[in-house]
Amino acid sequence: MGVTRIDADDQRTDEVTDLLQQLIRNACVNDGTPGTGGESRSADLLADYLDGSAFDVERYEPEPGRASLVARLEGRDPEAPTLLLMGHTDVVPVNPDGWRHDPFAGELIDGEVWGRGAVDMLNLTASMAVAARHLAESGFNPAGTLIYLAVADEEASGTYGAHWLADHEGDAVSADYVITESGGIPIPSPTGLKLPVIVGEKGCYWCRLRVHGTPGHGSQPYRTDNALVTAAEVVRRLDTFQPGTQIHDVWRRFITSMGYPPEVTEPLLSTDGLDDMLESLPLGMARQFHACTHTTFAPTMAHGGTKINVIPDTVDLEVDIRTLPGQDDEAVAALLAEALGDLADRVDVEVVVSDGSTASPVDTPLWDSLSRVSQTFYEGSQTVPYLTVGATDSRFFRRKGITAYGYGMFSEKMSFEDYGSMFHGDDERIDTESLGLSVALWDRVARDLLE
Ligand SMILES: [Zn+2]
(Lines give C-alpha, C1' and ligand atoms only; values in the text may rest on other atoms or scores of the structure.)
Protein backbone atom coordinates (compact mmCIF):
# COMPACT_ATOMS: atom_id res chain seq x y z
CA MET A 1 0.00 0.00 0.00
CA GLY A 2 1.52 3.29 -1.08
CA VAL A 3 1.51 6.19 1.34
CA THR A 4 2.27 9.79 0.48
CA ARG A 5 5.14 10.76 2.75
CA ILE A 6 5.07 14.38 3.72
CA ASP A 7 8.55 15.84 3.65
CA ALA A 8 9.54 16.39 7.28
CA ASP A 9 11.24 19.63 6.25
CA ASP A 10 8.06 20.91 4.64
CA GLN A 11 7.66 24.51 5.70
CA ARG A 12 3.95 23.91 6.17
CA THR A 13 4.55 21.11 8.69
CA ASP A 14 6.70 23.45 10.79
CA GLU A 15 4.04 26.15 10.61
CA VAL A 16 1.14 23.89 11.55
CA THR A 17 3.13 22.46 14.46
CA ASP A 18 3.91 25.95 15.74
CA LEU A 19 0.34 27.20 15.24
CA LEU A 20 -1.10 24.17 17.05
CA GLN A 21 1.28 24.75 19.97
CA GLN A 22 0.08 28.36 20.24
CA LEU A 23 -3.60 27.35 20.05
CA ILE A 24 -3.06 24.80 22.85
CA ARG A 25 -1.27 27.44 24.99
CA ASN A 26 -4.22 29.80 24.54
CA ALA A 27 -6.20 27.30 26.66
CA CYS A 28 -9.67 28.23 25.42
CA VAL A 29 -11.34 25.96 27.96
CA ASN A 30 -15.11 25.89 27.58
CA ASP A 31 -16.99 24.45 30.55
CA GLY A 32 -20.40 25.44 29.18
CA THR A 33 -20.76 28.73 31.09
CA PRO A 34 -20.74 32.04 29.15
CA GLY A 35 -17.67 33.46 30.90
CA THR A 36 -15.38 30.59 29.87
CA GLY A 37 -13.85 29.74 26.48
CA GLY A 38 -11.99 32.95 25.77
CA GLU A 39 -11.83 31.95 22.11
CA SER A 40 -11.13 35.59 21.13
CA ARG A 41 -7.48 34.87 22.00
CA SER A 42 -7.32 32.25 19.27
CA ALA A 43 -9.44 34.28 16.83
CA ASP A 44 -6.80 37.07 17.23
CA LEU A 45 -3.95 34.60 16.77
CA LEU A 46 -5.48 33.21 13.58
CA ALA A 47 -6.33 36.69 12.26
CA ASP A 48 -2.64 37.62 12.73
CA TYR A 49 -1.58 34.43 11.01
CA LEU A 50 -3.78 35.15 7.96
CA ASP A 51 -2.95 38.87 7.95
CA GLY A 52 -1.50 40.02 4.64
CA SER A 53 -2.93 37.05 2.72
CA ALA A 54 -5.60 37.38 0.03
CA PHE A 55 -8.32 36.29 2.50
CA ASP A 56 -10.92 38.77 3.74
CA VAL A 57 -11.06 38.26 7.48
CA GLU A 58 -14.04 39.08 9.73
CA ARG A 59 -14.47 38.55 13.47
CA TYR A 60 -17.87 37.90 15.05
CA GLU A 61 -18.13 38.24 18.83
CA PRO A 62 -21.71 37.69 20.09
CA GLU A 63 -20.48 37.68 23.72
CA PRO A 64 -17.31 39.39 24.98
CA GLY A 65 -14.40 36.97 24.65
CA ARG A 66 -16.28 34.49 22.46
CA ALA A 67 -15.12 35.50 18.97
CA SER A 68 -15.23 33.37 15.84
CA LEU A 69 -13.24 34.20 12.72
CA VAL A 70 -14.43 33.92 9.12
CA ALA A 71 -11.82 34.17 6.34
CA ARG A 72 -13.04 34.26 2.77
CA LEU A 73 -11.25 33.83 -0.57
CA GLU A 74 -13.81 34.82 -3.18
CA GLY A 75 -13.94 32.62 -6.29
CA ARG A 76 -14.00 33.84 -9.90
CA ASP A 77 -17.36 32.24 -10.71
CA PRO A 78 -20.44 32.95 -8.57
CA GLU A 79 -22.02 29.75 -9.95
CA ALA A 80 -19.15 27.55 -8.73
CA PRO A 81 -19.44 25.80 -5.35
CA THR A 82 -18.33 27.20 -2.01
CA LEU A 83 -16.29 25.05 0.39
CA LEU A 84 -16.20 25.92 4.07
CA LEU A 85 -13.46 24.41 6.25
CA MET A 86 -14.54 24.65 9.89
CA GLY A 87 -12.44 24.11 12.99
CA HIS A 88 -13.43 24.94 16.55
CA THR A 89 -11.03 26.82 18.81
CA ASP A 90 -12.43 25.81 22.22
CA VAL A 91 -11.49 22.72 24.21
CA VAL A 92 -13.01 20.79 27.12
CA PRO A 93 -11.63 21.07 30.69
CA VAL A 94 -8.87 18.76 31.95
CA ASN A 95 -7.84 17.11 35.17
CA PRO A 96 -4.03 17.53 34.92
CA ASP A 97 -3.47 14.75 37.50
CA GLY A 98 -4.05 12.14 34.80
CA TRP A 99 -1.56 13.68 32.33
CA ARG A 100 2.11 12.82 31.82
CA HIS A 101 2.81 16.37 30.51
CA ASP A 102 1.33 19.82 31.11
CA PRO A 103 -1.95 19.85 29.12
CA PHE A 104 -1.56 23.53 28.20
CA ALA A 105 2.20 23.80 27.51
CA GLY A 106 1.85 22.56 23.92
CA GLU A 107 5.22 20.77 24.14
CA LEU A 108 6.73 18.99 21.15
CA ILE A 109 8.09 15.69 22.49
CA ASP A 110 9.47 12.93 20.25
CA GLY A 111 7.61 14.18 17.20
CA GLU A 112 4.28 14.65 18.98
CA VAL A 113 2.52 17.84 20.08
CA TRP A 114 0.98 17.36 23.52
CA GLY A 115 -1.98 19.15 24.99
CA ARG A 116 -5.70 19.58 25.34
CA GLY A 117 -7.17 19.98 21.86
CA ALA A 118 -4.33 18.16 20.03
CA VAL A 119 -6.91 15.81 18.49
CA ASP A 120 -10.19 17.60 19.35
CA MET A 121 -9.74 19.52 17.16
CA LEU A 122 -7.05 22.23 17.25
CA ASN A 123 -4.93 19.97 15.01
CA LEU A 124 -7.44 20.44 12.19
CA THR A 125 -8.21 24.07 13.04
CA ALA A 126 -4.47 24.81 12.71
CA SER A 127 -3.99 22.72 9.57
CA MET A 128 -6.94 24.40 7.81
CA ALA A 129 -5.45 27.83 8.52
CA VAL A 130 -2.00 26.81 7.25
CA ALA A 131 -3.48 25.26 4.09
CA ALA A 132 -5.58 28.40 3.49
CA ARG A 133 -2.65 30.80 3.85
CA HIS A 134 -0.38 28.76 1.61
CA LEU A 135 -3.09 28.35 -1.02
CA ALA A 136 -3.49 32.13 -1.13
CA GLU A 137 0.29 32.67 -1.25
CA SER A 138 0.57 30.25 -4.16
CA GLY A 139 -1.77 32.49 -6.17
CA PHE A 140 -4.70 30.08 -5.86
CA ASN A 141 -7.50 31.78 -7.79
CA PRO A 142 -10.24 29.19 -8.10
CA ALA A 143 -13.68 29.29 -9.67
CA GLY A 144 -15.31 28.42 -6.35
CA THR A 145 -15.08 30.27 -3.02
CA LEU A 146 -13.05 29.00 -0.07
CA ILE A 147 -14.10 29.93 3.47
CA TYR A 148 -12.12 29.15 6.61
CA LEU A 149 -14.16 29.32 9.82
CA ALA A 150 -12.48 29.15 13.24
CA VAL A 151 -15.48 28.83 15.47
CA ALA A 152 -16.08 29.29 19.21
CA ASP A 153 -18.22 27.28 21.60
CA GLU A 154 -18.44 23.91 19.86
CA GLU A 155 -17.88 22.07 23.13
CA ALA A 156 -21.02 23.50 24.73
CA SER A 157 -23.87 23.91 22.28
CA GLY A 158 -22.67 26.42 19.69
CA THR A 159 -24.68 29.17 21.40
CA TYR A 160 -21.84 31.68 20.83
CA GLY A 161 -20.43 29.85 17.80
CA ALA A 162 -21.88 27.88 14.90
CA HIS A 163 -25.48 28.05 16.09
CA TRP A 164 -25.26 31.82 16.47
CA LEU A 165 -23.50 32.30 13.12
CA ALA A 166 -26.03 30.11 11.30
CA ASP A 167 -28.90 32.12 12.82
CA HIS A 168 -27.41 35.65 12.64
CA GLU A 169 -24.69 35.70 9.97
CA GLY A 170 -26.06 33.13 7.54
CA ASP A 171 -24.55 34.85 4.49
CA ALA A 172 -21.05 34.89 5.98
CA VAL A 173 -21.05 31.12 6.54
CA SER A 174 -23.27 30.01 3.67
CA ALA A 175 -21.65 27.25 1.61
CA ASP A 176 -22.38 24.23 -0.55
CA TYR A 177 -19.99 21.97 1.35
CA VAL A 178 -18.69 21.98 4.91
CA ILE A 179 -15.88 19.84 6.28
CA THR A 180 -15.18 19.65 10.00
CA GLU A 181 -13.98 17.20 12.63
CA SER A 182 -13.84 13.61 13.66
CA GLY A 183 -13.38 11.47 10.56
CA GLY A 184 -10.53 10.05 8.57
CA ILE A 185 -8.80 7.86 11.18
CA PRO A 186 -7.40 4.97 9.10
CA ILE A 187 -9.05 1.62 9.94
CA PRO A 188 -7.25 -1.49 8.68
CA SER A 189 -9.63 -4.10 7.25
CA PRO A 190 -9.37 -7.42 5.40
CA THR A 191 -9.85 -5.50 2.13
CA GLY A 192 -7.42 -2.66 2.77
CA LEU A 193 -7.41 0.63 4.62
CA LYS A 194 -10.79 2.27 5.26
CA LEU A 195 -11.15 6.00 5.92
CA PRO A 196 -14.40 6.90 7.71
CA VAL A 197 -16.20 10.03 6.56
CA ILE A 198 -18.67 11.26 9.18
CA VAL A 199 -21.85 11.89 7.21
CA GLY A 200 -24.32 12.04 10.10
CA GLU A 201 -24.67 12.18 13.84
CA LYS A 202 -27.13 10.98 16.43
CA GLY A 203 -29.55 13.36 18.08
CA CYS A 204 -30.09 14.20 21.75
CA TYR A 205 -33.37 13.92 23.61
CA TRP A 206 -32.53 14.77 27.20
CA CYS A 207 -35.37 14.54 29.66
CA ARG A 208 -36.18 14.86 33.33
CA LEU A 209 -38.59 12.31 34.77
CA ARG A 210 -40.42 13.37 37.92
CA VAL A 211 -41.51 10.25 39.78
CA HIS A 212 -44.39 10.73 42.19
CA GLY A 213 -45.22 8.97 45.47
CA THR A 214 -46.94 9.72 48.80
CA PRO A 215 -45.03 11.11 51.80
CA GLY A 216 -45.00 9.16 55.06
CA HIS A 217 -42.93 8.30 58.12
CA GLY A 218 -39.75 6.35 57.51
CA SER A 219 -40.41 4.28 60.62
CA GLN A 220 -43.51 2.66 59.04
CA PRO A 221 -42.66 1.71 55.46
CA TYR A 222 -45.19 -1.13 55.16
CA ARG A 223 -47.35 -0.65 51.98
CA THR A 224 -46.21 2.95 51.48
CA ASP A 225 -46.02 4.63 48.09
CA ASN A 226 -42.27 5.47 48.12
CA ALA A 227 -41.22 7.57 45.10
CA LEU A 228 -37.61 6.38 45.49
CA VAL A 229 -38.64 2.73 45.22
CA THR A 230 -40.73 3.52 42.13
CA ALA A 231 -37.80 5.51 40.69
CA ALA A 232 -35.51 2.51 41.21
CA GLU A 233 -37.90 0.41 39.14
CA VAL A 234 -38.04 3.16 36.47
CA VAL A 235 -34.22 3.16 36.29
CA ARG A 236 -34.17 -0.64 36.03
CA ARG A 237 -36.72 -0.58 33.19
CA LEU A 238 -34.80 2.11 31.28
CA ASP A 239 -31.56 0.16 31.68
CA THR A 240 -33.01 -3.09 30.38
CA PHE A 241 -35.23 -1.57 27.68
CA GLN A 242 -34.26 -2.92 24.27
CA PRO A 243 -35.59 -0.80 21.42
CA GLY A 244 -35.32 -2.59 18.10
CA THR A 245 -32.18 -2.62 15.98
CA GLN A 246 -32.29 -0.04 13.16
CA ILE A 247 -30.36 -0.94 10.04
CA HIS A 248 -30.29 2.55 8.50
CA ASP A 249 -28.66 3.53 5.23
CA VAL A 250 -25.39 4.89 6.65
CA TRP A 251 -24.91 1.75 8.73
CA ARG A 252 -25.62 -0.53 5.78
CA ARG A 253 -23.11 1.28 3.60
CA PHE A 254 -20.49 1.31 6.35
CA ILE A 255 -20.72 -2.42 7.03
CA THR A 256 -20.89 -3.46 3.38
CA SER A 257 -17.79 -1.31 2.69
CA MET A 258 -15.69 -2.75 5.52
CA GLY A 259 -14.88 -6.04 3.79
CA TYR A 260 -15.66 -8.24 6.80
CA PRO A 261 -16.29 -11.94 6.03
CA PRO A 262 -19.96 -12.88 5.37
CA GLU A 263 -20.34 -14.56 8.78
CA VAL A 264 -19.67 -11.12 10.33
CA THR A 265 -21.35 -8.89 7.75
CA GLU A 266 -24.67 -10.75 7.63
CA PRO A 267 -25.54 -10.57 11.33
CA LEU A 268 -24.36 -6.94 11.49
CA LEU A 269 -26.95 -6.11 8.84
CA SER A 270 -29.73 -8.14 10.44
CA THR A 271 -32.25 -6.67 12.86
CA ASP A 272 -32.44 -10.13 14.45
CA GLY A 273 -28.76 -11.05 14.44
CA LEU A 274 -26.96 -7.85 15.40
CA ASP A 275 -27.52 -7.93 19.16
CA ASP A 276 -26.10 -11.49 19.41
CA MET A 277 -23.14 -10.51 17.26
CA LEU A 278 -22.31 -7.57 19.58
CA GLU A 279 -21.63 -10.02 22.43
CA SER A 280 -18.64 -11.47 20.56
CA LEU A 281 -17.04 -8.10 19.67
CA PRO A 282 -14.42 -6.20 21.73
CA LEU A 283 -16.26 -4.00 24.23
CA GLY A 284 -15.31 -0.60 22.74
CA MET A 285 -16.38 -1.68 19.27
CA ALA A 286 -19.57 -3.32 20.59
CA ARG A 287 -20.57 -0.07 22.36
CA GLN A 288 -19.98 1.95 19.18
CA PHE A 289 -21.85 -0.48 16.97
CA HIS A 290 -24.74 -0.75 19.43
CA ALA A 291 -25.04 3.04 19.66
CA CYS A 292 -24.94 3.37 15.86
CA THR A 293 -27.90 1.04 15.43
CA HIS A 294 -30.12 1.73 18.46
CA THR A 295 -31.90 4.52 20.21
CA THR A 296 -30.07 4.49 23.54
CA PHE A 297 -31.41 5.28 27.03
CA ALA A 298 -28.94 6.13 29.81
CA PRO A 299 -30.30 7.20 33.22
CA THR A 300 -27.51 9.45 34.47
CA MET A 301 -28.73 11.53 37.44
CA ALA A 302 -31.11 11.15 40.38
CA HIS A 303 -32.27 13.66 42.97
CA GLY A 304 -34.81 12.90 45.68
CA GLY A 305 -35.75 12.68 49.31
CA THR A 306 -35.60 15.33 52.02
CA LYS A 307 -34.69 13.56 55.25
CA ILE A 308 -33.69 10.08 56.37
CA ASN A 309 -36.95 9.49 58.23
CA VAL A 310 -39.32 10.76 55.53
CA ILE A 311 -40.76 8.51 52.79
CA PRO A 312 -40.12 10.66 49.68
CA ASP A 313 -43.02 11.85 47.55
CA THR A 314 -40.84 13.09 44.64
CA VAL A 315 -37.73 11.86 42.87
CA ASP A 316 -36.26 13.43 39.72
CA LEU A 317 -34.35 11.29 37.25
CA GLU A 318 -32.39 12.62 34.29
CA VAL A 319 -32.10 10.46 31.22
CA ASP A 320 -29.72 10.87 28.25
CA ILE A 321 -31.57 9.51 25.21
CA ARG A 322 -29.70 9.46 21.86
CA THR A 323 -31.74 9.22 18.68
CA LEU A 324 -31.19 7.92 15.16
CA PRO A 325 -31.65 9.58 11.74
CA GLY A 326 -35.31 10.01 10.83
CA GLN A 327 -36.58 9.71 14.40
CA ASP A 328 -38.86 12.56 15.52
CA ASP A 329 -39.89 13.61 19.03
CA GLU A 330 -43.16 11.66 18.87
CA ALA A 331 -41.32 8.45 18.01
CA VAL A 332 -38.91 8.94 20.93
CA ALA A 333 -41.75 9.78 23.33
CA ALA A 334 -43.51 6.58 22.27
CA LEU A 335 -40.36 4.52 22.97
CA LEU A 336 -40.00 6.15 26.39
CA ALA A 337 -43.64 5.34 27.21
CA GLU A 338 -43.03 1.75 26.13
CA ALA A 339 -39.98 1.54 28.40
CA LEU A 340 -41.92 2.89 31.39
CA GLY A 341 -44.86 0.54 30.77
CA ASP A 342 -47.49 0.66 33.52
CA LEU A 343 -45.39 3.18 35.46
CA ALA A 344 -45.88 5.84 32.77
CA ASP A 345 -48.79 7.44 34.65
CA ARG A 346 -46.64 7.81 37.79
CA VAL A 347 -44.06 9.84 35.91
CA ASP A 348 -44.10 13.40 34.46
CA VAL A 349 -41.75 13.79 31.52
CA GLU A 350 -40.08 17.15 30.88
CA VAL A 351 -37.99 17.37 27.72
CA VAL A 352 -34.91 19.49 28.51
CA VAL A 353 -33.09 19.27 25.15
CA SER A 354 -34.43 17.97 21.86
CA ASP A 355 -31.86 18.18 19.08
CA GLY A 356 -32.65 15.71 16.33
CA SER A 357 -30.19 13.51 14.48
CA THR A 358 -28.83 14.92 11.20
CA ALA A 359 -27.33 13.25 8.14
CA SER A 360 -26.03 14.39 4.76
CA PRO A 361 -26.37 12.32 1.60
CA VAL A 362 -23.41 10.11 0.67
CA ASP A 363 -23.60 10.52 -3.10
CA THR A 364 -22.31 14.07 -3.48
CA PRO A 365 -19.47 15.84 -5.31
CA LEU A 366 -17.82 16.38 -1.91
CA TRP A 367 -17.84 12.63 -1.28
CA ASP A 368 -16.31 11.98 -4.70
CA SER A 369 -13.68 14.63 -4.10
CA LEU A 370 -12.66 13.23 -0.68
CA SER A 371 -12.47 9.73 -2.18
CA ARG A 372 -10.30 10.90 -5.07
CA VAL A 373 -7.99 12.99 -2.94
CA SER A 374 -7.61 10.26 -0.29
CA GLN A 375 -6.09 8.01 -2.94
CA THR A 376 -3.17 10.40 -3.18
CA PHE A 377 -2.42 9.74 0.50
CA TYR A 378 -3.31 6.07 0.88
CA GLU A 379 -3.38 4.32 -2.46
CA GLY A 380 -6.06 1.63 -2.58
CA SER A 381 -7.86 3.03 0.48
CA GLN A 382 -11.61 3.43 0.51
CA THR A 383 -13.72 6.14 2.11
CA VAL A 384 -16.62 4.69 4.10
CA PRO A 385 -19.61 6.59 5.49
CA TYR A 386 -20.00 6.64 9.27
CA LEU A 387 -22.51 7.94 11.80
CA THR A 388 -20.93 9.55 14.84
CA VAL A 389 -22.65 9.01 18.18
CA GLY A 390 -21.50 12.42 19.46
CA ALA A 391 -22.51 15.89 18.31
CA THR A 392 -20.55 18.33 16.12
CA ASP A 393 -21.23 21.75 14.60
CA SER A 394 -22.17 20.02 11.32
CA ARG A 395 -25.76 19.81 12.49
CA PHE A 396 -26.34 23.57 12.11
CA PHE A 397 -25.30 23.35 8.46
CA ARG A 398 -27.09 20.09 7.63
CA ARG A 399 -30.32 21.66 8.89
CA LYS A 400 -29.91 24.33 6.21
CA GLY A 401 -29.58 21.66 3.53
CA ILE A 402 -25.78 22.03 3.30
CA THR A 403 -23.74 18.85 2.84
CA ALA A 404 -21.50 18.60 5.91
CA TYR A 405 -18.97 15.86 6.61
CA GLY A 406 -16.36 15.15 9.25
CA TYR A 407 -12.96 14.23 7.85
CA GLY A 408 -9.22 14.59 8.32
CA MET A 409 -6.00 12.87 7.34
CA PHE A 410 -3.80 11.02 9.81
CA SER A 411 -0.64 8.97 9.71
CA GLU A 412 -0.84 5.28 10.54
CA LYS A 413 0.74 6.11 13.91
CA MET A 414 -2.75 7.18 15.04
CA SER A 415 -4.98 4.18 15.76
CA PHE A 416 -8.75 4.25 16.01
CA GLU A 417 -8.51 3.10 19.66
CA ASP A 418 -5.94 5.76 20.67
CA TYR A 419 -7.91 8.46 18.89
CA GLY A 420 -11.14 7.45 20.62
CA SER A 421 -9.55 7.41 24.09
CA MET A 422 -7.82 10.78 23.66
CA PHE A 423 -11.04 12.60 22.71
CA HIS A 424 -11.82 14.50 25.95
CA GLY A 425 -9.36 12.08 27.63
CA ASP A 426 -5.89 12.24 29.18
CA ASP A 427 -2.53 12.57 27.36
CA GLU A 428 -4.04 14.06 24.21
CA ARG A 429 -1.33 14.39 21.53
CA ILE A 430 -0.75 14.21 17.80
CA ASP A 431 2.23 13.31 15.63
CA THR A 432 3.61 16.00 13.34
CA GLU A 433 3.31 13.74 10.29
CA SER A 434 -0.48 13.71 10.80
CA LEU A 435 -0.40 17.52 11.01
CA GLY A 436 1.46 17.74 7.70
CA LEU A 437 -0.92 15.26 6.07
CA SER A 438 -3.91 17.36 7.18
CA VAL A 439 -2.48 20.53 5.64
CA ALA A 440 -1.94 18.63 2.37
CA LEU A 441 -5.48 17.23 2.56
CA TRP A 442 -7.16 20.63 2.74
CA ASP A 443 -4.91 21.95 -0.01
CA ARG A 444 -5.79 19.08 -2.34
CA VAL A 445 -9.52 19.07 -1.56
CA ALA A 446 -9.76 22.83 -2.17
CA ARG A 447 -7.97 22.49 -5.51
CA ASP A 448 -10.00 19.40 -6.50
CA LEU A 449 -13.37 20.90 -5.66
CA LEU A 450 -12.97 24.59 -6.45
CA GLU A 451 -10.57 24.97 -9.40
ZN1 LIG B 1 -14.44 18.66 18.65
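(A) Examining the pairing of strand β3 (residues 82–88) more closely. Summarising burial for β3: seven of the seven residues are buried, a large majority. Covered by surrounding structure in β3 are Thr82, Leu84, Met86 and His88 together with Leu83, Leu85 and Gly87, the residues of both alternating faces. Where β3 meets strand β6 (residues 145–151), seven bridges bridge the pair, whose relative direction is parallel. Looking at β6, one finds that Gly87 is bridged to Ala150. Here β3 runs beside strand β7 (residues 177–180); their pairing, made up of three bridges, is parallel. What sits directly across from Leu85, in β7, is Ile179.

(B) Molecular detail of empty space enclosed by the protein. In this structure the tally under the stated criterion is one cavity of 30 Å³ or more. The calculated volume of the largest cavity comes to roughly 30 Å³. Lining the largest cavity, in full, are His248, Val250, Trp251, Phe254, Cys292, Pro385, Tyr386 and Leu387. Contributing elements (two or more residues each) for the lining of the largest cavity: α6 (249–257) and β16 (382–388).

(C) View of the coordination of the zinc ion. Only His88 (NE2), Asp120 (OD), Glu181 (OE) and Glu181 (OE) from the protein reach the zinc ion as donors, at distances of 1.9 to 2.7 Å. For the zinc ion, the four donor atoms in the first shell make angles of 53 to 152° at the metal, so the coordination geometry reads as irregular. One chain supplies every donor to the zinc ion, and in sequence these donors are spaced H-x31-D-x60-E. Of this pair, His88 sits in strand β3 while Glu181 sits in the loop between β7 and β8 (194–201), and the two are 93 residues apart along the sequence. Exposure class is identical for His88 and Glu181. Each is buried.

(D) A look at the sheet that holds strand β18 (residues 429–431). An order of β4-β5-β18 is seen for the three strands of this open sheet, with the pairing classed as antiparallel. Across the chains shown, the open sheet's two edge strands, defined by having one partner strand only, are β4 (108–109) and β18. Sheet analysis places β4 next to strand β5 (residues 112–114), joined by two bridges and oriented antiparallel. Each bridged residue has a counterpart across the sheet, and for Leu108 the counterpart in β5 is Val113. Contacts from helix α1 (residues 11–26) reach β4, β5 and β18, with the element oriented near 15° to β5.

(E) Structural view of the sheet that holds strand β13 (residues 314–323). Ordered in space as β11-β13-β9-β14, the four strands form an open sheet in which the pairing is antiparallel. Each edge of the open sheet is held by one strand with a lone partner, namely β11 (296–304) and β14 (347–355). Direction aside, neighbouring strands of the sheet carry axes that sit 20° apart on average. Pairing between strand β9 (residues 203–212) and β13: ten bridges, direction antiparallel. Considered in β13, the bridge of Tyr205 is made with Ile321. Docked against the sheet, helix α10 (residues 329–340) engages β9, β11, β13 and β14, running at close to 40° with respect to β9.

(F) Local environment of helix α3 (residues 122–137). With 16 residues, α3 extends 22 Å between its outermost C-alpha atoms, agreeing within 8% with the 22 Å of an ideal straight helix rising 1.5 Å per residue. Taken across its 16 residues, α3 has 14 buried, putting it largely inside the fold. One or two steps after α3, the chain reaches Gly139, where phi turns positive at roughly 85°.

(G) Spatial organisation of the packing of α3 against helix α14 (residues 432–450). Two elements in contact, α3 and α14, have axes separated by 8 Å at closest approach and are oriented at 50°. Looking at the two axes, α3 sits oblique to α14. α14 is crossed by α3, and the crossing has right-handed handedness. Here α3 contributes Asn123, Leu124, Ser127, Met128, Val130, Ala131 and Leu135 to the contact with α14, which in turn contributes Leu435, Ser438, Val439, Trp442, Asp443, Ala446 and Arg447. Of the residues that constitute the contact of α3 with α14, the class distribution is nine nonpolar, three polar and two charged.

(H) Spatial organisation of the packing of aromatic side chains. Per the stated rule, a full pass over the model turns up eight aromatic pairs. When the ring of Phe241 is compared with that of Phe297, the centres are 5.3 Å apart and the planes differ by 90°; the resulting orientation is edge-to-face. One end of the pair, Phe241, is in the loop between α5 (227–240) and α6; the other, Phe297, is in strand β11, and 56 residues separate them in sequence. Like Phe297, Phe241 is buried. Measuring from ring centre to ring centre gives 6.1 Å for Phe254 and Phe289, while their planes differ by 85°; the resulting arrangement is edge-to-face.

Calculation criteria
- Residues numbered from 1 in each chain as written.
- Predicted model: local features only at pLDDT ≥ 70, side-chain atom pairs only at ≥ 80, totals over all residues.
- Heavy atoms only, no water.
- Buried < 20%, exposed > 50% of the residue type's maximum accessible area, 1.4 Å probe, protein only.
- Helix = DSSP H or I, 4+ residues; strand = E, 2+ residues; numbered from the N terminus.
- Pairing = 2+ DSSP bridges.
- 1 Å grid on protein atoms, 1.4 Å probe; cavity = no way out; pocket = protein on both sides within 12 Å on 5 of 7 lines; lining within 4 Å.
- Points joined across faces, edges and corners; volume = space filled by probe spheres on them.
- Donors = N, O, S within 2.8 Å, 3.2 Å for Na, K, Ca; no water.
- Tetrahedral: all angles 85-135°; square planar, octahedral: opposite > 155°, others 65-115°.
- Contact = heavy atoms within 4.5 Å.
- Axes fitted to C-alpha atoms, helices over the stretch in contact; angles between N-to-C directions.
- Expected span 1.5 Å × (residues − 1).
- Parallel < 35°, antiparallel > 145°, perpendicular 65-115°, else oblique.
- Left-handed = near helix turned anticlockwise from the far one by under 90°.
- Nonpolar A, V, L, I, M, F, W, Y, C, P; charged D, E, K, R; others polar.
- Phe/Tyr/Trp six-rings, centres within 6.5 Å; stacked < 30°, edge-to-face > 60°.

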